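Residue strings, one per chain:
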Amino acid sequence: SLEIQAIQAKEFETTKPVAFASVLSVFQDLGYVIASSDIATGFITAKSPTKKSVTLFNYRMADTKATAFVEELRPGKTKVRLNFVDSEELSSGYGAKQLNETAVEDPTVYNNAFTKIQEAIFIRTATQ
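Residues numbered from 1 in each chain as written. Predicted model: local features only at pLDDT ≥ 70, side-chain atom pairs only at ≥ 80, totals over all residues. Heavy atoms only, no water.

*Asks:* I tried to follow helix 2 (residues 16-29) on my own but got confused; where do I start?
*Replies:* The periodicity of an α-helix, 3.6 residues per turn, causes residues three or four places apart in sequence to face the same way. Taking 1.5 Å of rise per residue, 14 residues should cover 20 Å, and helix 2 covers 20 Å from first to last C-alpha, within 8% of that figure. Counting buried positions over the 14 residues of helix 2 gives 10, a clear majority of the element. Looking at helix 2, one finds that the buried residues are Lys-16, Val-18, Ala-19, Phe-20, Ser-22, Val-23, Leu-24, Ser-25, Val-26 and Phe-27. On its buried side, helix 2 packs onto strand 2 (33-38), strand 3 (43-47), strand 5 (58-74), strand 6 (77-92) and helix 3 (107-126). Just past helix 2, the residue Gly-31 takes up positive phi, approximately 95°. (Helix = DSSP H or I, 4+ residues; strand = E, 2+ residues; numbered from the N terminus. Expected span 1.5 Å × (residues − 1). Buried < 20%, exposed > 50% of the residue type's maximum accessible area, 1.4 Å probe, protein only. Contact = heavy atoms within 4.5 Å.)

Written as structure tokens, this is what we have:
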């Protein structure tokens, strides 16, 4: 659990509003659709577009769900925690459904997102 938290969280030298806006824009840049966001709680939910495929007897729909929690630790220091979950729904022509969700634990996914967030923060603070 602590290993996952270490992969999913990063601290930034910025304010909560700047970090929050940066996470929102990065999610959108990565192709996610924002489902909800609330700067007061610091919580953002998003989902990637659904990929559909059809075989002879089955339908498959897959997407990735993302959440972010942005909290100000102290003035000028903000922590962002991301969570990505791959979701796959299978359904048969007879109506049976199966939902499989798997937490994304690949550190590269999180590092790439945090790098983009850091760049977005830099751009926002450089233009203020």
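*Asks:* Looking at this structure, how should I read the pattern of salt bridges?
*Replies:* Two side chains carrying opposite charge are able to pair once their charged atoms lie near each other. In the structure shown here, the tally under the stated rule is 6 salt bridges. For the salt bridge of Glu-13 with Lys-77, the shortest nitrogen-to-oxygen distance reads 2.8 Å. Here Lys-77 lies in strand 6 and Glu-13 lies in the loop between strand 1 (9-12) and helix 2, a separation of 64 residues in the sequence. On the accessibility criterion, Lys-77 (13% relative accessible area) is buried. In this structure, Lys-97 and Glu-89 form a salt bridge, with 3.6 Å as the shortest nitrogen-oxygen distance. Classification of Lys-97 as exposed rests on a relative accessible area of 63%. Glu-89 gets classed as partly exposed once you look at its relative accessible area, which sits at 24%. (Salt bridge = Lys/Arg side-chain N within 4 Å of Asp/Glu carboxyl O.)

The quantities given are spatial measurements derived from coordinates; they are silent on function.
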